[in-house]
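# Survey of secondary and tertiary structure
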Amino acid sequence: MNEQTPVTTAPAAKAPKLPNTETVTEVKHYTDRLFSFKCTRPASLRFRSGEFVMIGLMGDVNPKTGKQVPLLRAYSIASPSWDEEMEFYSIKVQDGPLTSKLQHIKVGDEIFMKPKPVGTLVHDALIPGKRMWFFATGTGFAPFASLLREPQTFEDYDEIIITHTCRQADELIYGRNIIESLKEDELLNEVIGEGFWKKIKYYPTTTREESAKMGRITDLINSGEAYKDLGVEPLCPQNDRAMICGNLAFNLELKAMLEAAGLEEGANSKPAQYVVEKAFLD
Ligand code: A2P
């Protein structure tokens, strides 16, 4: 008689899952300074497109205490509120406490996520308007990657202008891919309406490398060149709403320009004509 296989086999011991951890499902590298990744979404997490959450990894062992604590940073959610997965777009800073490690994550790794989304780049912080301007530099494109896939953006506005200023041309790849993907997105074309993406005017510019359009968006607007290229009327408080996300100097300069054009800053508690958020860097 053959030896019988035992009916019950003890499962291999599995490390217990820490609370607030999500599993990485996709990683894409664009340049030596930029990458994006996707992870699972906490079942209970609800957020508004354009918001951010705290994400991170376990830090190094503290030599004094011998303990490890999670290293967390604020990251804009690049995926829309309806998506089953979460997407993030990140810079890689070689000596950055978090991104020096985060840039090495692989599919199957776990990351920490505090499921408490917040942020000002949300439709609720703006009063109704006709035309939406999304102004981004660098990884500040992330919240707009979410809002460009949010049906409300296209329901609320007749026209959406997205400007993205980067130092180099290959830093525009992530944003361009997102915009291109809208044309092929069967779900969004079905839900929002066939050809919804035709409402988008995309204006990518570079400042330190030759590309089709060179210059800072601030200068291109001040000179009137951007309006001419886009074939649109100058900013006005009656029709225009705007969201800004980039480095600090850019945010401040653009904010002053919008104020000078007569637009007022809004907030969740007091919606108005434009909102600003800093792109969080390590
Ligand atoms: P520039 O190359 O002229 O500094 P960074 O990588 O430093 O965050 O910058 C991202 C992009 O934002 C760069 O193209 C940079 O242009 C541009 N930028 C930086 N500061 C401003 C500003 N005050 N107004 C407009 N664009 C800016």
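In this text the structure is predicted, and so the values were computed from the model without any measurement.

Rules used in this analysis
- Residue numbers restart at each chain and count upward from 1, following the sequence in its written direction.
- Selection of residues for local features in this predicted model requires a pLDDT of at least 70, selection of side-chain atom pairs for listing and counting requires 80 or more, and totals for whole chains, interfaces and linings are taken over all residues.
- With hydrogens and water set aside, each side-chain value is computed from the structure's full complement of heavy atoms.
- Numbering of helices and strands runs from the N terminus, with a helix taken as a DSSP run of H or I at least four residues long and a strand as a DSSP run of E at least two residues long.
- Buried residues are those whose accessible area, probed at 1.4 Å on protein chains only, stays under 20% of the maximum for their type, while exposed residues exceed 50% and partly exposed ones sit between those limits.
- In this analysis, two residues are considered to be in contact whenever any of their non-hydrogen atoms come within 4.5 Å of each other.
- Note on areas: these come from Shrake-Rupley sampling with a 1.4 Å probe, and a residue is covered only by the protein chains present in the view.
- We treat Lys and Arg as the positive residues and Asp and Glu as the negative residues; His and chain ends play no part in the count.
- To locate a charge, the coordinates of NZ of Lys, CZ of Arg, CG of Asp or CD of Glu are taken.
- The quantity called pLDDT is the predictor's confidence in a given residue, expressed from 0 to 100.
- Whether a residue is near a molecule or strand depends on its heavy atoms: it is near if one of them lies within 4 Å of it.
- Here a polar contact is taken to be a pair of N or O atoms separated by no more than 3.5 Å, where protein atoms must pair a possible hydrogen donor with a possible acceptor and residues adjacent in sequence count only if both atoms sit in side chains.
- To estimate how far a helix should reach, multiply one less than its number of residues by 1.5 Å.
- Note that the arc is defined by the directions from the helix axis to the C-beta atoms.
- Paired strands, as defined in this entry, are two strands with at least two bridges between them according to DSSP.
- Here an angle of 0 to 180 degrees is reported between the N-to-C directions of two axes, which are lines fitted to C-alpha atoms, with helices fitted over the stretch in contact.
- Residues enter a patch when their relative accessible area is above 30% and they make no salt bridge; the linking distance is 9 Å between like charges and 5 Å between nonpolar side chains (Val, Leu, Ile, Met, Phe, Trp, Tyr).
- The salt bridge definition used is simple: a Lys or Arg side-chain nitrogen within 4 Å of an Asp or Glu carboxyl oxygen.
- Aromatic pairing here means that ring centres of Phe, Tyr or Trp (its six-membered ring) are within 6.5 Å. Orientation follows from the plane angle: under 30 degrees is stacked, over 60 is edge-to-face, and everything else is tilted.
- In this text, buried Ala, Val, Leu, Ile, Met, Phe, Trp, Tyr and Cys residues form a nonpolar core when linked through side-chain atoms within 4.5 Å.

### Re the overall build of the chain
Along the chain, the regular secondary structure elements total eight helices and eleven strands. Taken along its principal axes, the extent of the C-alpha atoms in the chain is 85 × 50 × 40 Å. Put simply, the chain has 282 residues, and 48% of those count as buried. Contacts in the chain between residues far apart in sequence, at least 24 positions, make up 72% of those at least 6 positions apart. Accessible area for the chain stands at about 14600 Å²; split by element, carbon and sulfur atoms hold 52% of it. Across the chain, 33 positive and 40 negative side-chain charges occur, with their mean positions spaced 5 Å apart.

### Let's talk about the confidence of the model for the chain
Taken as a whole, the chain shows an average pLDDT of 93; of its residues, 93% reach a score of 70 or greater. Counting contacts from residues 1–10, a segment whose pLDDT is below 50, to residues more than four positions away or on other chains yields zero contacts.

### Considering the site of the ligand
Neighbouring the ligand are the residues Thr137, Thr165, Cys166, Arg167, Thr207, Arg208, Arg216, Thr218, Asn247, Ala249, Phe250 and Glu253. With respect to the ligand, the side chain of Arg167 contributes an N or O atom lying 2.9 Å from an oxygen atom. With respect to the ligand, the side chain of Arg208 contributes an N or O atom lying 2.6 Å from an oxygen atom. For the ligand, whose accessible area on its own is 550 Å², the fraction buried by protein is 84%. For the shell around the ligand, the elements supplying multiple residues, two or more each, are β8 (159–166) and α8 (248–260). For the shell around the ligand, the leading source of residues is α8, giving three residues.

### Here's the deal with helix α4 (residues 173–184)
Since the α-helix turns once every 3.6 residues, residues separated by three or four places project in the same direction. For α4, with twelve residues, the first-to-last C-alpha span of 17 Å sits near the 16 Å given by 1.5 Å per residue. Of all the positions in α4, only Tyr174, Gly175, Ile178, Ile179 and Leu182 are classed as buried. Each buried residue of α4 lies within a common arc of 135 degrees when the element is viewed along its axis, so the set occupies one face.

### Focus: the sheet that holds strand β5 (residues 85–91)
Strand pairing in a sheet takes place through backbone hydrogen bonds and is either antiparallel or parallel in direction. Strands sit in the order β4-β3-β6-β1-β2-β5 across an open sheet of six strands; the sheet is antiparallel. Of all strands in the sheet, those bounded by a partner on one side alone are β4 (70–76) and β5. Looking at each pair of strands side by side, their axes are set apart by 35 degrees on average, direction ignored. Of the pairings in the sheet, the one linking strand β3 (residues 52–58) to β4 comprises seven bridges and is antiparallel in character.

### Let's talk about a negative patch on the surface
A cluster of like negative charges, contributed by Asp32, Asp170, Glu209 and Glu210, occupies part of the molecular surface. The topology assignment puts Glu210 in the loop between β9 (200–206) and α6 (217–222).

### Overview of a nonpolar patch on the surface
Nonpolar side chains collect at one region of the surface, where Trp82, Leu187 and Val191 lie side by side and expose about 280 Å² of accessible area between them. As for its placement among the helices and strands, Trp82 is situated in the loop between β4 and β5. Residue Trp82 is classed as partly exposed on the basis of its relative accessible area of 35%.

### So, the packing of aromatic side chains
Under the defined criterion, the tally for this structure stands at eleven aromatic pairs. On the basis of an interplanar angle of 80 degrees and a centroid distance of 6.1 Å, the ring pair of Tyr30 and Tyr89 is categorised as edge-to-face. With Tyr30 in the loop between β1 (21–29) and β2 (34–40) and Tyr89 in strand β5, the pair connects residues that are 59 residues apart, well separated along the chain. Among the aromatic side chains, those forming a connected cluster through ring pairs are Tyr30, Tyr89, Phe141 and Tyr174.

### A short note on the pairing of strand β6 (residues 110–118)
Bridging between β1 and β6 involves three bridges; their strand directions are antiparallel. Looking at the pairing, Thr21 lines up with Phe112 of β6. Summarising the sheet, β3 and β6 pair through four bridges and their orientation is antiparallel. Its bridge partner lying in β6, Phe52 is registered against Val118.

### Considerations on the nonpolar core
Counting residues in hydrophobic clusters, the biggest one holds 32 residues, and the most contacted among them are Phe134, Phe141, Phe144, Leu148, Ile162, Tyr174 and Met243. Secondary-structure elements contributing two or more residues to this core are β7 (131–137), α2 (142–147), β8, α4 and β10 (240–246). The contacts of Met243, once residues within four sequence positions are left out, are Leu121, Val122, His123, Leu126, Met132, Trp133, Phe134, Phe135, Phe144, Leu147 and Val275. Among the nonpolar cores identified, the runner-up in size contains 21 residues, and Trp133, Ala226, Leu254 and Tyr274 belong to it.

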